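# Structure assessment
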Amino acid sequence: MSSEQPHLVSLVLQSKKALQHGEQLCSRANSLSNASAQCAVDILALDAKVRWISDAVLDQLKLAASVAKSIEQKRAQLHKQVQQWDDIRTQRSDALDTILESLGTQVVPPDFHEASSDSSLFGSQHSDEELEPEVHDIRASPQFQHSPTLTVRGGLSLQREKEAKDRKKWKTLRDFVDERAIEDALDTIENDRNVLDDMLAATDSYPENLTNTISTIQRSLPTTTALPSINDILESQAKVSTHMANHLESLASHYDQMAGALRESEAGEVFSEEDLQDMNRDTNELPSIMAELEESIFSIESSHEQLLAGKNEIQQQLGTHPSTLDDLDELGEIMTEMLRRQETVELDAQEHINVLHRHLLPLEDLHHRYVSYQTSFNKLLIEIARRRQYREAADKIVHSMMATLQSMSEDERRIRDEFNTEHGAHLPADICLCIENPPTTWEIAPWHGEALEVLPDIDYDLLVEVSPSLLI
């Protein structure tokens, strides 16, 4: 009995110690489970807040992106109008260059301008020292009847071709064009076009800047992280807690058994060897039970730490939102200013584009003017050639008539000489003094010649009396 007593006391103490430690572990497990449940609630609440703020920020960023796209579209529309204007300017500039190049290849015969002292209708690109007398009204020129060398059939006569000056030294139609005024007009257009570029450049970076700012804010938002599996963790903790409770019940039952055995032993009851072996066997299982409890509490602590880490991460994410919201507010102010500025640029640019379109009208007018200038000059060449043909035809008729008149004058002189020889001696000297006059002489240009011969009037009946044959 005395040898068994110490042994039972030791077993009871081991059981009591195991029970107390088990109770501590279970109490710790219960506290951790409750804390985990609260932590899970906090995680869900924080995650909902983070997601709500993030979603709200993303919605605002979508609105900002639409503003950036709107600004870009409006700028694209303006650039389209500018491109259309550029195309029109290119067409009209090319047309003007084409007619000017054509004028530069068309020579002007020297007779058309060398004797002129008036200025050209279109001005001149030469300085006063270099400028020769320019074209004036051909019809007022004293050389009008002798100026052109071209005929209506074109080409030069062999004689005129030999006498013509080197055409490389001749002036062209372009020499009578005011190139300086054209350059001034083109410079004005180019300068105003550059002003428009400066206007558009004021908002050129707006879409890109907005897009970059939106991307920066979007990157500052917390990335979606996988939350701990709260349900699995809580269910796992519940299972582990239940398992620990079962172990705690076993420890309590074992302790009760051992305490009862000690009381019975103190009352004088003697246990058999087999009973003692069972008691030792049950007590020897206590370390394994305690190990399982230690492992269980470690599992609960680990899952609790996992929840705490998740909560801490979400709290950190939530901590970045104030600065993100500040950036978003600043972005809103920037967008407001950008929209105001863009609207001002659109109004100013539209007005300037209208001005540029008005600048194109003189280019078109110059083109039509120089086309008409070239056409009229070509018509002038044809008209001068036609007049030359008319003059040559008239000269031929006059020369033919003069040859006939010269022949008639020679016959008249012969007849008068015969009359004067035959009858002059028989007529008194004071009768018909003109009878001695020679016939009228004729020159090539009859309107520059002498007046027709003045003869006495003779009544017809007197002629009939002396020559009845006149009645026939």
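Residues numbered from 1 in each chain as written. Predicted model: local features only at pLDDT ≥ 70, side-chain atom pairs only at ≥ 80, totals over all residues. Heavy atoms only, no water.

### What to know about the overall build of the protein chain
When you go through the protein chain residue by residue, the secondary structure sums to 8 helices and 2 strands. Secondary structure elements of the protein chain, listed N to C terminal, follow the sequence α-β-α-β-α-α-α-α-α-α. Intrachain contacts of the protein chain at a sequence separation of at least 6 include 87% that bridge at least 24 residues. Total accessible area on the protein chain stands at roughly 29,800 Å², and carbon and sulfur atoms take up 53% of it. (Helix = DSSP H or I, 4+ residues; strand = E, 2+ residues; numbered from the N terminus. Contact = heavy atoms within 4.5 Å. Areas by Shrake-Rupley, 256 points an atom, 1.4 Å probe, with all protein chains shown as cover.)

### Let's talk about helix 4 (residues 206-220)
Taking 1.5 Å per residue, 15 residues should reach 21 Å; helix 4 reaches 21 Å between its end C-alpha atoms and fits that length. Of the positions making up helix 4, those classed as buried are Y206, P207, L210, I214 and I217. All buried residues of helix 4 lie within an arc of 100° about the axis, which places them on one face of the element. Facing away from the buried side of helix 4 by more than 90 degrees, the exposed set consists of E208 and R219. (Expected span 1.5 Å × (residues − 1). Buried < 20%, exposed > 50% of the residue type's maximum accessible area, 1.4 Å probe, protein only. Arc of directions from axis to C-beta.)

### Overview of a negative patch on the surface
Residues D326, D327, D329, E330 and E333 make up a contiguous surface patch of negative charge. Among the structural elements, E333 can be located in helix 7 (residues 286-423). Classification of E333 as exposed rests on a relative accessible area of 59%. (Patch = residues over 30% accessible without salt bridge, like charges linked within 9 Å, V, L, I, M, F, W, Y side chains within 5 Å. Salt bridge = Lys/Arg side-chain N within 4 Å of Asp/Glu carboxyl O. Lys, Arg positive; Asp, Glu negative; His and termini not counted. Charge placed at Lys NZ, Arg CZ, Asp CG, Glu CD.)

### Things to note about the packing of helix 5 (residues 230-266) against helix 7
Taken N-terminus to C-terminus, the directions of helix 5 and helix 7 make an angle of 155°; their axes are 10 Å apart at the nearest point. Between helix 5 and helix 7, the angle is such that the two are roughly antiparallel. Crossing angle aside, the handedness with which helix 5 passes helix 7 is left-handed. For the contact of helix 5 with helix 7, the residue count by class is 12 nonpolar, 10 polar and 1 charged. (Axes fitted to C-alpha atoms, helices over the stretch in contact; angles between N-to-C directions. Parallel < 35°, antiparallel > 145°, perpendicular 65-115°, else oblique. Left-handed = near helix turned anticlockwise from the far one by under 90°. Nonpolar A, V, L, I, M, F, W, Y, C, P; charged D, E, K, R; others polar.)

### Overview of the environment of K69
Secondary-structure assignment places K69 in helix 1 (residues 4-105). For the pair K69 and P207, spaced 138 residues apart in the sequence, the C-alpha separation amounts to 6.9 Å.

### Side note on the environment of A261
Its location among the elements puts A261 in helix 5. Taking the C-alpha atoms as reference points, A261 and M279, 18 residues apart in sequence, are found 9.2 Å from one another.

### Regarding the environment of E346
Tracing the backbone through its elements, the reader meets E346 in helix 7. Residues E346 and K74 lie 272 residues apart in sequence; the distance between their C-alpha atoms is 8.1 Å.

### Comments concerning the nonpolar core
Of all hydrophobic cores here, the largest spans 28 residues; its most connected members are L96, L103 and Y370. Every element with two or more residues in this core is listed here: helix 1, helix 3 (179-201) and helix 7. Element by element, the count of residues in this core is highest for helix 7, at 12 residues. By size, the runner-up hydrophobic cluster in this structure holds 26 residues, among which are A40, V57, L221 and M335. (Core = buried A, V, L, I, M, F, W, Y, C linked by side-chain atoms within 4.5 Å.)

### Describing the pattern of salt bridges
As enumerated under the stated definition, the model contains 15 salt bridges in all. With its nearest N and O atoms 2.9 Å apart, the salt bridge here joins D42 to K311. Placement of D42 in helix 1 and of K311 in helix 7 is noted, with a sequence separation of 269 residues between them. Residues E337 and R340 are paired through a salt bridge, measuring 2.5 Å at the closest nitrogen-oxygen approach. Taken together, the residues E337 and R340, both in helix 7 and 3 residues apart, mark about one turn of the helix.

### Quick notes on the confidence of the model for the protein chain
Taken over all residues, the pLDDT of the protein chain has a mean of 80, while the share at 70 or more is 83%. Helix 2 (residues 158-163) is the least confidently modelled element of the protein chain, averaging 50 in pLDDT, while helix 3 averages 92, the highest of any element. With pLDDT under 50 throughout, residues 117-156 is counted as low confidence; its partners more than four residues away or in other chains account for 82 contacts. Low confidence marks residues 444-449, where pLDDT is under 50. Its contacts with residues over four positions away, or in another chain, come to 6 contacts. (pLDDT = per-residue confidence, 0-100.)

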